[in-house]
Amino acid sequence: MQKAYQDALDRVQFAELPEISLEDCFEHALVDLDKEQSRRIYRASYRVLYEYVSSKDMNASDFTQDMLEDFLDFRRQQGRKENTLKGDIRAIRRAFNKLEHRYNCPKLKYPSIKGFTKTRYLSDREEKIIFDVLAQNETITARKAEQLCVVLIDTGLRLMEAVTLEWEFIDLNRREIEVYRTKTGTVSLVPISQRVHDLFRRLHNQDQPFEGVEEAIKLLRKVIRDNCNKSERVVLTRGSATVHSLRDTYASRMVQRGLSIQQVSVLLGHSNISQTMKYAQLEKVDVVAQARLALDA
């Protein structure tokens, strides 16, 4: 009782803030995160940090600058890439900054880490390989994986946006899809290619375009991983191919075929054009084409 009174008195007289455990501090940081994906990423970073410091009950104020630097070195030794380290820093900074006026939190200098911006789009050859491999597999799962791949690469939809599509938001006459973007909470229109249009016509007897595709997603991921990551140079410079690479492929092709970055940003449903700027480098394809014409003149 006497200690509690003294602590309260110290806070009033000397503006001392109460202590908070590392775990409680990080739990506070998760409370008002509105995106489940962000919550999972932050929580994963916190779990690794708990393992590193060996005690999540330690006071947040005991977490020092040296501990932060050592933790980042530890993550590098684990083989984590710079983008992962940026995520770790973002999670830690959010927790300490959020509570710094209410609790005794450390004042850290967070290092600036240059992350790797992936633009892992597929070549026409890689796309053909994916469809050839799936065609050789005569199972229903492979057919569903093939259909899903067509929609992803021709619309630029995120995987979950495609899987949760409902017929009422697909207009086959106008050849467009009304997409609710869960990441930004906005709605955008996406045009339908001829092969997606033909595919939806064939699937129209189903309650939804994609039903029971869990195994198909696993197969598609495996086919992409096993057949599109054989070039060390491509993996090093553009990143490993994943299902998300189908969205990058769509965006890259739109830029290469003359759409502006602003137009591609609208199609992808980005909330900020800065998210689309990673594709800007592909606009140089036009310069190469013009130079080729000049050489052949």
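Located above this text is the structure these notes cover.
> Would you mind showing me how to read the overall build of the protein here?
In terms of helices and strands, the protein carries 14 helices and 3 strands. Radius of gyration (C-alpha) of the protein: 25 Å, far over the 19 Å computed for a compact globule of 297 residues. Along the first, second and third principal axes, the C-alpha set of the protein runs to 80 × 55 × 35 Å. Counting all 297 residues of the protein, 39% fall into the buried class. Measuring between centres, the 48 positive side-chain charges of the protein sit 4 Å from its 44 negative side-chain charges.

> Looking at this structure, I do not really get the pairing of strand 3 (residues 186-191). What am I missing?
Relative to strand 3, strand 2 (residues 176-181) runs antiparallel, the two sharing 6 bridges. Bridge pairing links Glu176 to Pro191 in strand 3. Linking strand 2 to strand 3, which pair antiparallel, is a turn of 4 residues; within it Gly185 sits at a positive phi near 70 degrees.

> Whenever I open this one, helix 6 (residues 124-136) confuses me. Can you help?
Helical geometry note: an α-helix holds 3.6 residues per turn, so side chains three or four residues apart project in the same direction. Under the 1.5 Å per step criterion, the end-to-end length of helix 6 is 19 Å for 13 residues, consistent within 8% with the ideal 18 Å. Every buried residue belonging to helix 6 is among Glu126, Glu127, Ile130, Phe131 and Leu134, and all of these are buried. Looking straight down helix 6, one finds its buried side chains confined to an arc of 135 degrees; they lie on one side. Residues of helix 6 that are exposed and angled more than 90 degrees away from the buried face: Asp124, Arg125, Lys128 and Gln136. For helix 6, the secondary structure elements touched by its buried residues are helix 7 (140-155), helix 9 (194-203), helix 10 (214-227) and helix 12 (245-256).

> Is there a simple way to think about the pattern of salt bridges in this case?
In total, this model carries 21 salt bridges according to the counting rule given. Linking Arg253 and Asp124 is a salt bridge whose minimum nitrogen-to-oxygen distance equals 3.1 Å. With Arg253 in helix 12 and Asp124 in helix 6, this pair connects stretches of sequence that are 129 residues apart. Its relative accessible area of 11% is what places Arg253 among the buried residues. Ionic pairing is found between Arg253 and Glu127, a salt bridge with its closest N-O pair at 2.7 Å. With Arg253 in helix 12 and Glu127 in helix 6, this residue pair connects regions lying 126 residues apart in the sequence. One exposure class covers both Arg253 and Glu127, and it is buried. Each of the salt bridges in this network shares a partner with another, and the network as a whole consists of Asp124, Glu127, Asp154, Arg195 and Arg253.

> I would appreciate a short explanation of the sheet that holds strand 3 in the present structure.
Paired through backbone hydrogen bonds, the strands of a sheet run either parallel or antiparallel to each other. Taken in spatial order, the 3 strands line up as 1-2-3 in an open sheet, and their pairing is antiparallel. Each end of this open sheet is capped by a strand with a single partner; those strands are strand 1 (170-171) and strand 3. Note: strand 1 against strand 2, 2 bridges, orientation antiparallel. When the bridges of strand 2 are listed, Asp171 appears paired with Glu176.

> Looking at this structure, I do not really get helix 7. What am I missing?
Counted at 1.5 Å a residue, the expected span for helix 7 with its 16 residues is 22 Å, and the 23 Å between its end C-alpha atoms agrees. Along helix 7, the residues classified as buried are Ala142, Ala145, Leu148, Cys149, Val150, Val151, Leu152, Ile153, Asp154 and Thr155. Gly156 lies just past helix 7 and shows a positive phi near 75 degrees.

Conventions used here
Residues numbered from 1 in each chain as written. Predicted model: local features only at pLDDT ≥ 70, side-chain atom pairs only at ≥ 80, totals over all residues. Heavy atoms only, no water. Helix = DSSP H or I, 4+ residues; strand = E, 2+ residues; numbered from the N terminus. Rg over C-alpha atoms; globule rule 2.2 N^0.38 Å. Buried < 20%, exposed > 50% of the residue type's maximum accessible area, 1.4 Å probe, protein only. Lys, Arg positive; Asp, Glu negative; His and termini not counted. Charge placed at Lys NZ, Arg CZ, Asp CG, Glu CD. Pairing = 2+ DSSP bridges. Expected span 1.5 Å × (residues − 1). Arc of directions from axis to C-beta. Contact = heavy atoms within 4.5 Å. Salt bridge = Lys/Arg side-chain N within 4 Å of Asp/Glu carboxyl O.

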